[in-house]
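# Reading the structure
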Amino acid sequence: MRIGEISKRSGLPAKTIRHYEDVGLIRSPRSENGYRFFTDNDLHKLTFIAQARSLGFTLGDCRILLGLYEDRQRASGDVKRVALESLARLERKLDELESMRAALGRLVERCHGDDRPECPIIDRLAGSSG
């Protein structure tokens, strides 16, 4: 199938599929006229990657997980290790987001939001302690 069809069937934009091909997550041969040609196996891999990405796995994680998926001798502990590392990254990111939310919330509370030019949000963005 060509990229338009696999895009429709996988739910991924063609640009994303090209990127996954560029970084080596999938490989599609070219026909004589230069069109990419994808197989049902490629569709399965793209769906696998999309599911993994929706759970927060990085492209590097996806590469490892695809390798583990294809390795019928894999240890589930190897899969769990990748998932635990991803979970730890997500938890760190959540902590960072919570900190950002709290800081912005404090600034919003301190801003009068009226006709005065003084604004602690602008002051903070400009690098002053405001």
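Provided above is the structure to which this section pertains.
Throughout, residues of each chain are indexed from 1 in the direction in which the sequence is written. Only residues with pLDDT of at least 70 are given local features in this predicted model, and only at 80 or more are side-chain atom pairs given and counted; all residues enter the totals for whole chains, interfaces and linings. The side-chain values count all of the structure's non-hydrogen atoms but skip hydrogen atoms and water molecules.

Turning our eyes to something else, we now look at the packing of aromatic side chains. Aromatic pairing here means that ring centres of Phe, Tyr or Trp (its six-membered ring) are within 6.5 Å. Orientation follows from the plane angle: under 30 degrees is stacked, over 60 is edge-to-face, and everything else is tilted. Counting across every chain of the model gives one aromatic pair. Note on Phe48 and Tyr69: the rings are 5.2 Å apart at their centroids and 45 degrees apart in plane angle, and the pair reads as tilted. Of the two residues, Phe48 sits in helix α3 (residues 40–54) while Tyr69 sits in helix α4 (residues 59–70), which places them 21 residues apart along the sequence. Burial classification: accessible surface area is computed with a 1.4 Å probe over protein chains only, and a residue below 20% of its type maximum counts as buried, one above 50% as exposed, and the rest as partly exposed. Here Phe48 falls in the partly exposed class, since its relative accessible area comes to 23%. Residue classification places Tyr69 among the partly exposed residues on the basis of a relative accessible area of 29%. Whether a charge lies above a ring is judged from NZ of Lys or CZ of Arg, which has to be within 6 Å of the ring centre and within 35 degrees of the ring normal. Note that Arg2 overlies the ring of Tyr35, its terminal NZ or CZ placed 3.9 Å from the centroid. Sitting over the face of the ring of Tyr69, Arg72 holds its NZ or CZ atom 5.3 Å from the ring centroid. Under the DSSP-based scheme used, a helix requires at least four consecutive residues in state H or I and a strand at least two consecutive residues in state E, with every element numbered from the N terminus.

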